[in-house]
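As a plain string of letters, each chain reads:
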Amino acid sequence: MDYSKLQSLLPNHEIHYLDDADNQYQSPHHTYILFEYTTDHLPTTIQLLNDNDISHSLQTDSYDLQYILIS
C-alpha cells in the first residue's frame, strides 16, 4: 500500500509514517500509523480498511488510546 492510495481512501485522517513515531509504536511489519484521535470515527476507518483488503492491526498504547498499524 502506498501513501497516496491510503490517503485517497482516508482523506480526513492524519496518516503518519511509522518511522516518525515513538519507539512504543514501532513494528517491523507495518509502514503507517493512524491514531484514534486523528480519525473521524474509528469503527468506520476499520471498516474501510477491511473493505479494501488493507492489512492492519488495532493496538492500544500506554495511555489506553487505540491506534492502527497499517502495512
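Residues numbered from 1 in each chain as written. Predicted model: local features only at pLDDT ≥ 70, side-chain atom pairs only at ≥ 80, totals over all residues. Heavy atoms only, no water.

## Some thoughts on the overall build of the protein chain
- When you go through the protein chain residue by residue, the secondary structure sums to 2 helices and 4 strands.
- Listing each helix as α and each strand as β along the protein chain from the N terminus yields α-β-β-α-β-β.
- Its C-alpha radius of gyration of 11 Å places the protein chain within 12% of the 11 Å reference for a compact globule of 71 residues.
- Taking the principal axes of the C-alpha coordinates as reference, the protein chain spans close to 30 × 20 × 20 Å.
- Nonlocal contacts in the protein chain, meaning residues at least 24 apart in sequence, comprise 48% of its contacts between residues at least 6 apart. (Helix = DSSP H or I, 4+ residues; strand = E, 2+ residues; numbered from the N terminus. Rg over C-alpha atoms; globule rule 2.2 N^0.38 Å. Contact = heavy atoms within 4.5 Å.)

## Re helix α2 (residues 42–51)
- Within α2 the residues assigned to the buried category are Leu42, Thr45, Ile46 and Leu49. Within α2, the buried residues cover an arc of 100° as seen down the axis, which keeps them to one side.
- The inward-facing, buried residues of α2 abut α1 (3–9), β2 (32–35), β3 (56–60) and β4 (66–70).
- Asp53 occupies a position one or two residues after α2 and carries a positive phi of about 50°. (Buried < 20%, exposed > 50% of the residue type's maximum accessible area, 1.4 Å probe, protein only. Arc of directions from axis to C-beta.)

This is a description of form; function is not addressed.
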